[in-house]
Structure formats: C-alpha cells, structure tokens
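# Residue-level structure breakdown
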Amino acid sequence: MTSTTWKAKSRLLRWGLIALFWLLLWQIGAWRLNQPLLLPSPLQVGRRLGELCLTHPFWQSIAFSLRRIVAGFLMGFFGAALLAVAGFFLPPLASLLAPPLTIIKSTPVASFIVLALLWLPSPWLSAFIAFLMVLPLCYENLLEGLKSADPLLLEMGKVYAFTPFQVFRYIYLPALVPYALAAVRTGLGFAWKAGIAGEVLAIPMGAMGTQLHTAKVTLETTDLFAWTAAIILLSLILEKGAVALVKCLSRRYTPPKKENTPC
Amino acid sequence: MLNARNISFSYGNRPVLQNLSFSLEKGERLLLLGPSGQGKTTFLRLLCGLLKPQRGTIQRPSRLGVVFQEDRLLPTLTLEENLCLVSRTPALARQIGEELGLGEYFSHYPAALSGGQRRRGALGRALAFPCDALLMDEPFQGLDEKSRKKAAQCILKYQEGRALLVISHEPKDAERLKARPITLESLMI
C-alpha cells in the first residue's frame, strides 16, 4: 500500500469517526428528549430521506433549485471575472465599482429577498439572490488574484516582448488560479444558502426551499431535517465537484509542487 | 547600438548614478565590474527600460536579451518550454539548452531545478531570444567552475554579432568572456 493511499484511508477513517461521534450525540439527545416534533433522531431522518429519494418530486425539487442557483452562481462568477479584469486594467472603473459592490456585500440577504419579491417572478428569485451574493465576493477575490501577479515576471515579459495574451496566459492566469478556487469554494456555499433562503420566502412551486417551508407549516420536523440534510449533502457535492473541475481545468496554469519533477 | 548620455538616477534623495555616459556597439563585449551596492543592477534596469533616468537619454535596440539578477523562469512551464517560448527557432533554443548541459532537465519545472540549473536556464533563454544586444546581471551566479566555463563558451558562441554587457564582481570573468572590463566610475563624467 502506498503512503498516499494509507494517508487517504486514515483521513477517511478519522472523518468517519468524528461523524459517528456527532451522530451518536444527536441520537442520544433525541432519545432523552423523546419528542420527534422538536428533535427527530438521525435514524428517523435517514429513513425519511431514503423515502424521499424514492419519490419523483424530490428529484424535481432538486433539479429546480440546482438549475437556478447554479445559473445565478455562474452569472455572478463570470460577471465578477469580467468586472475584475476591467477594474484591474482601468483603476477608475474599480473605484467606481467599489461603492455599489460594498453595499451589495453589506446588505442583509433578507432585504434583497424582499426587494426581489417585488421585482422578479418568484421562480427566478433564487438565481438573482445567488448572483448578488456571489458577485462582490468573486470580484474581490479575482481582483486580488490579478494584483498578486509576480512583478518580476511581468518585467521579464515586458523585456522579452510577450504579447498581451502571453502575459495573461503565463503570468496573470497562474496567479489567479488559487484566488479563483477560493472564490468558487466560498461563493458556491454562499449562493446555495442564500438561494434556498430566498426560496423559503418566495415559495416558488416545486423548489427545495418551498419543501422546507411546507415542512415547517405542517410541523413535519422529520421532513424539515431530511430536506436540510439533502441541502447540506448537495452543497458539499456541488462544492467538491466545482473545486475539482476548476482544479482540473487550471492544472496547466498552476505551478507544480517541487516533487513533481518531470511533466 | 546601445547608448546612454549623461544619465542620472536616484532613489528618493539618494543619488545612485550621476552623469553617466555609456555606449555599446554591435559585436562588442563589456564586463561591468564593481562591488555590490554600487548601482550596477540599477544601471542594467535603466538600459532595459525598466527604470527611467531622471536626467539624460538612453537609446536602445527594440529587442534586448536579458539575464536578470533573479532567474525569472515561468513556474508553470517546463525548462524546455521556457527556452522555446521566447525563441523564434525552438531547435536553436533546444541546442543552446543542450550545450549548457540542461538536456536531461528539459521536462522539469523550475521548482524542481537546482539554483545552478535555473541560472543556466535563464542564460539559455536570453541567448535563444532573437535580439541585437545581450545584458546579463551576474550570469554565473551559483555555478561551479566547470559550469561557468561551459556557460562562458556558450555565451561567446551565441553572442557573436550581438552586443554584450555582463555585470559581475569577478574580474576573472573578463578573461572568460574575452570582454573589456569597465567600472561605473569610469563611465561617470
């Protein structure tokens, strides 16, 4: 067994044990309280989640929310990338963009949800909220990434008559990758949480947030927990998937570690 | 080809170069000697156009091959890619790399190379770059005697026809490079 496999296995075991500890604590708490309306046990939640997984509306709700929130995230990320590049090369534009982006960042998400309820049809509210949450966060990260480009390499590129494309491809892009990864990781989590919160308030037909709302209104606490577990699981899968995708796409633009000698 | 007339430069209130004039012709080889902290690197940065003199004028060819004080190889490219990127003829870039003893490291990334290998990589890149003048700041830094000799032979071979200015604090390099030694004091009026 190689040391890498052994390390991966021991890390998996450690995380498994930690998860088991908290699930046990939850199970004991549920037994002691003995009121499923307030705190259902993890076994009850797991069983309910399993039941939901076998129903068609469950997957329809996931598809509904996922499509809109991911669309909002992508619009926010690529919009932020465009603005960051423009702001980096045109500093007056960056100064102009700073106040609205700071306001967007500091405004409570609930205020935007209420406003968006007035402006937009409820099915697309979660996309708009996700977009608003992601835009300032990704903009700041990507702008910082562009600023972190090595000035010594930029000088070298100038002396060796690099084309603007070469400067971007070989100097700015490698500097941008770690910041883009951080932006994806944080932004996706933000977009997901804010998008679902928007759905809880807007109650669009067939969204995950609407299912949460219905579970609350009908006092189906087990359903509430099961939908929350599904949201958490999806958030994790989405984040890991997006980070893996960005890492894969940017492998060629990332400085290899010292031990990776030959290409 | 490369001319500096009455140039002066200071960092804030600290003057570094005053009234300095310099000229380098095609095929000429000069070795700029002097202790560190004297302003040799500042002078090279002025000649490259990376700094602007506060007084005086500099005329330079449009393309200069430069070995900086730091290696400045692109970390996301292999050594071979670094050499070929700036050259119009990749075969020549590879040949220079081979002659500098780097052939077996072509597929390595800069992070996996030793200091001496990176230095030779930076030297190879400058030699492979199609230009009229070569400016080198301590090109033999971190190289052992054998590598220095090989690098000097390579410079002499591929410099031919181009102007060469090498900054060093090692007087022996004048002999190695068959270059005329000069100092910054001798350039100041």
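Bear in mind that the values here come from a model prediction, so they are computed numbers and not experimental data.

As a further point, take the nonpolar core. Core analysis: the largest hydrophobic core is formed by 131 residues, its most contacted members being Phe22(B), Phe43(B) and Leu165(B). If you tally residues by element for this core, the top one is helix α8 (residues 164–202) of chain A, at 18 residues. If sequence neighbours within four positions are ignored, Leu165(B) has contacts with Phe22(B), Leu24(B), Leu30(B), Leu32(B), Phe43(B), Leu47(B), Leu134(B), Leu135(B), Met136(B) and Ile182(B).

Attention now moves to the packing of aromatic side chains. The geometry of an aromatic ring pair is captured by two quantities: the separation of the ring centres and the angle between the planes. Residue and element names in this part refer to chain A. Taken as a whole and judged by the stated rule, the model has 13 aromatic pairs over all chains. Plain terms: the ring middles of Trp119 and Phe128 are 6.4 Å apart, the flat faces sit at 70 degrees to each other, and that makes the pair edge-to-face. Judged by relative accessible area, Trp119 falls into the exposed class, the value being 56%. Three or more aromatic residues joined by ring pairs make a cluster, and in this case those are Phe58, Trp59 and Trp227. A cation over a ring is seen here: Arg68 above Phe64, with NZ or CZ 3.8 Å from the ring centre.

The next subject is the pairing of strand β7 (residues 163–168) of chain B. The two faces of the sheet receive side chains in turn, since in a regular strand these alternate between them. All names here are of chain B. Burial within β7 is extensive, with six of its six residues counted as buried. Neither face of β7 is left uncovered, since the one carrying Ala163, Leu165 and Ile167 and the one carrying Leu164, Val166 and Ser168 both have all their residues buried. Both strand β3 (residues 29–33) and β7 contribute to a ladder of five bridges, which runs parallel. Within the sheet, the bridge partner assigned to Leu31 lies in β7 and is Val166. Pairing geometry for strand β6 (residues 133–137) and β7, over five bridges, is parallel. For Leu134, the partnering residue across the bridge sits in β7 and is Leu164. Regarding topology, helix α5 (residues 145–159) serves as the crossover connection from β6 to the parallel β7, and that connection is right-handed.

What follows covers the interface of chain A and chain B. Counting residues at the interface gives 23 residues for chain A and 28 residues for chain B. Interface area lost by chain A to chain B is led by Val159(A), Tyr160(A) and Arg252(A), which between them contribute 29%. Here Glu155(A) and Arg45(B) are joined by a salt bridge, their closest N and O atoms 2.7 Å apart. Summed over the shared surface of chain A and chain B, the result is four residue pairs in polar contact (both at pLDDT 80 or more). Those elements that place two or more of their residues in the side of chain A that touches chain B are α7 (151–159) and α8 of chain A.

A few words on the pattern of salt bridges. Under the definition given, this model contains 14 salt bridges over all chains. With a closest N to O distance of 3.7 Å, Arg118(B) and Asp71(B) form a salt bridge. Residue Arg118(B) is found in helix α4 (residues 115–128), and its partner Asp71(B) is found in the loop between β5 (64–67) and α2 (79–86); the two are separated by 47 residues along the sequence. Within the structure, one salt-bridge network assembled from shared partners comprises Glu155(A), Arg45(B), Glu70(B) and Arg72(B).

Another aspect to go through is the packing of helix α5 (residues 109–119) of chain A against α8(A). All names here are of chain A. Interhelical geometry of α5 versus α8 gives an angle of 50 degrees and a closest axis separation of 10 Å. Of the possible angle classes, the one that applies to α5 and α8 is oblique. Between α5 and α8 lies a crossing of right-handed hand. Contacts between α5 and α8 pair Val109, Ile113 and Leu117 from the former with Ala194, Ala197, Gly198, Leu201 and Ala202 from the latter.

Conventions and cut-offs
Residues numbered from 1 in each chain as written. Chains lettered and ligands numbered in written order. Predicted model: local features only at pLDDT ≥ 70, side-chain atom pairs only at ≥ 80, totals over all residues. Heavy atoms only, no water. Core = buried A, V, L, I, M, F, W, Y, C linked by side-chain atoms within 4.5 Å. Buried < 20%, exposed > 50% of the residue type's maximum accessible area, 1.4 Å probe, protein only. Helix = DSSP H or I, 4+ residues; strand = E, 2+ residues; numbered from the N terminus. Contact = heavy atoms within 4.5 Å. Phe/Tyr/Trp six-rings, centres within 6.5 Å; stacked < 30°, edge-to-face > 60°. Lys NZ or Arg CZ within 6 Å of the ring centre and 35° of its normal. Pairing = 2+ DSSP bridges. Right-handed = clockwise from strand over helix to strand, strands pointing away. Buried area = accessible area lost by both parts, 1.4 Å probe. Salt bridge = Lys/Arg side-chain N within 4 Å of Asp/Glu carboxyl O. Polar contact = N/O pair within 3.5 Å; in protein donor to acceptor, adjacent residues only side chain to side chain. Axes fitted to C-alpha atoms, helices over the stretch in contact; angles between N-to-C directions. Parallel < 35°, antiparallel > 145°, perpendicular 65-115°, else oblique. Left-handed = near helix turned anticlockwise from the far one by under 90°.

In short, geometric facts, not functional conclusions.
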